[in-house]
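Structural description and commentary
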Amino acid sequence: MQETRLDTARIRAARRVIDPVFLDTPLYRCEALERDLGCTVSIKLETVNPVRSFKARGTEVVASLLAGDGSSAVVCASAGNLGQALAWSGRGRGPDVTVVASRFAPAVKLDRIRALDARLELVDGDFDMARERAAAIARHDGIRLVEDSLDIETCEGAATIGLELVDTVPSFDAVLIALGGGALATGVGHVVKALAPEVEVICVQPLGAPAMTHSWRQRRVVTTDSTDTIADGVAGRCPIPAVLDDLLLVADDAVLVQEASIIAGMRMLLDHAGLVVEPSAALGIAAILEDRDRFAGRHVVTIVCGGNVDMDAYHRWVGTAPVHGS
């Protein structure tokens, strides 16, 4: 494998500084999903921790370095989950945390950021506008800017999920990874390609937020003017060039899925696995639903990456009637 920005030894070292509460999350075969999906499905459940997403694996690495450097403050932009994670890690390890987010982000995520004692600044725009504002604050205040996916520590933290996959699952054929900024996809992808190169790494993005997938397909950065998806956690418009370079080396495919499939995936995870997840976490199931023939008879791992969802919106999307396959 050509070299990415990541290093497997550094990823193993990252495991040693991450609070164990975020490590060794449940990984299990979910037989109840298999009749409807037509393949063996294992779930890697990244929602059973204090911030209900995988993001704290990366922020723990960031915050441990900041504490070692004596940094007193840090700022990030967030769609909601990174902000919670950085606030949690900062509260435990010292740095004061400022989070910049869209005022249109799910209220449950914003409320949790406040509850974790971070300073929250809202912008009248989307995540990429929040990125611009966070960078401006960092320049003005002379503090560390944490950029998800660009800062290698966020990727290394996410990559520890890949270590747990290859160390725990005897064999699997493909891993389905939600694709947003790219930390999860490049981190897990790097480890899988380094340690289990026969496994297919498939990234999944909503049709309404396709910038990184279009960039992967065209092998150059492609931006979009807007996004239109319920999967707020992956709704970026402006891919980061260095992250795309890594993704080109580790991803075997990048696919786009429809909103209806994301909702159906959320319902299936509720009905068959008892899991309440945010839309981004259902992207893997959505990909199987849209291409059953591709996955038929294979063993697929899907990473359920977050569970921070506005429950009123969740009930509107998911409803109460159970989903049954055809």
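The following paragraphs examine the structure supplied in this document. (Residues numbered from 1 in each chain as written. Predicted model: local features only at pLDDT ≥ 70, side-chain atom pairs only at ≥ 80, totals over all residues. Heavy atoms only, no water.)

Bringing the overall build of the protein into the picture now. The helix and strand tally for the protein stands at 14 helices and ten strands. Computed over its C-alpha atoms, the radius of gyration of the protein comes to 18 Å, within 12% of the 20 Å expected for a compact globule of 326 residues. Along the three orthogonal principal directions, the C-alpha set of the protein runs to about 55 × 45 × 40 Å. Looking at the protein alone, contacts between residues at least 24 apart form 74% of all its contacts between residues at least 6 apart. (Helix = DSSP H or I, 4+ residues; strand = E, 2+ residues; numbered from the N terminus. Rg over C-alpha atoms; globule rule 2.2 N^0.38 Å. Contact = heavy atoms within 4.5 Å.)

We now examine the state of the cysteines. Scanning the model with the defined rule gives zero disulfides in all. For the unlinked cysteine Cys39, the closest cysteine sulfur is that of Cys30, found at 11 Å. Relative accessible area serves as the criterion here: at 5%, Cys39 is assigned to the buried category. (Disulfide = S-S within 2.5 Å. Buried < 20%, exposed > 50% of the residue type's maximum accessible area, 1.4 Å probe, protein only.)

Glancing now at the pairing of strand E5 (residues 119-123). In this sheet, E5 lies alongside strand E4 (residues 96-102) in parallel orientation, the contact comprising five bridges. Among the inter-strand pairings, Val99 is bridged to a residue of E5, identified as Leu120. Handedness of the crossover is the feature at issue here: the chain leaves E4, passes through helix H5 (residues 107-115), returns alongside E5, and the resulting connection is right-handed. (Pairing = 2+ DSSP bridges. Right-handed = clockwise from strand over helix to strand, strands pointing away.)

Our focus in this paragraph is the packing of helix H8 (residues 183-195) against helix H10 (residues 241-250). Where H8 contacts H10, the axes come no closer than 9 Å and their chain directions differ by 35°. When you trace H8 past H10, the crossing you get is left-handed. When H8 is examined against H10, the residues Ala185, Thr186, Gly189, His190 and Lys193 are found in contact with a partner set consisting of Val243, Asp246, Leu247 and Val250. (Axes fitted to C-alpha atoms, helices over the stretch in contact; angles between N-to-C directions. Left-handed = near helix turned anticlockwise from the far one by under 90°.)

This next bit is on the nonpolar core. Formed by 67 residues in total, the largest nonpolar core has its most connected members in Leu33, Leu37, Val175 and Leu184. Counting residues per element, this core draws most heavily on helix H12 (residues 283-290), at six residues. Contact partners of Leu184, with chain neighbours within four places excluded, come to Phe54, Ala158, Ile161, Ile177, Ala178, Gly189, Ile303 and Cys305. Among the nonpolar cores identified, the runner-up in size contains 26 residues, and Ile18, Val62, Ala85 and Leu86 belong to it. (Core = buried A, V, L, I, M, F, W, Y, C linked by side-chain atoms within 4.5 Å.)

Let us now look at the packing of aromatic side chains. Following the criterion strictly, the structure yields one aromatic pair and no others. Measuring from centroid to centroid gives 4.8 Å for Phe22 and Trp88, while their planes differ by 85°, and the two rings are edge-to-face. Placement of Phe22 in the loop between helix H1 (8-15) and strand E1 (27-29) and of Trp88 in helix H4 (residues 81-93) is noted, with a sequence separation of 66 residues between them. Given a relative accessible area of 1%, Phe22 falls into the buried group. (Phe/Tyr/Trp six-rings, centres within 6.5 Å; stacked < 30°, edge-to-face > 60°.)

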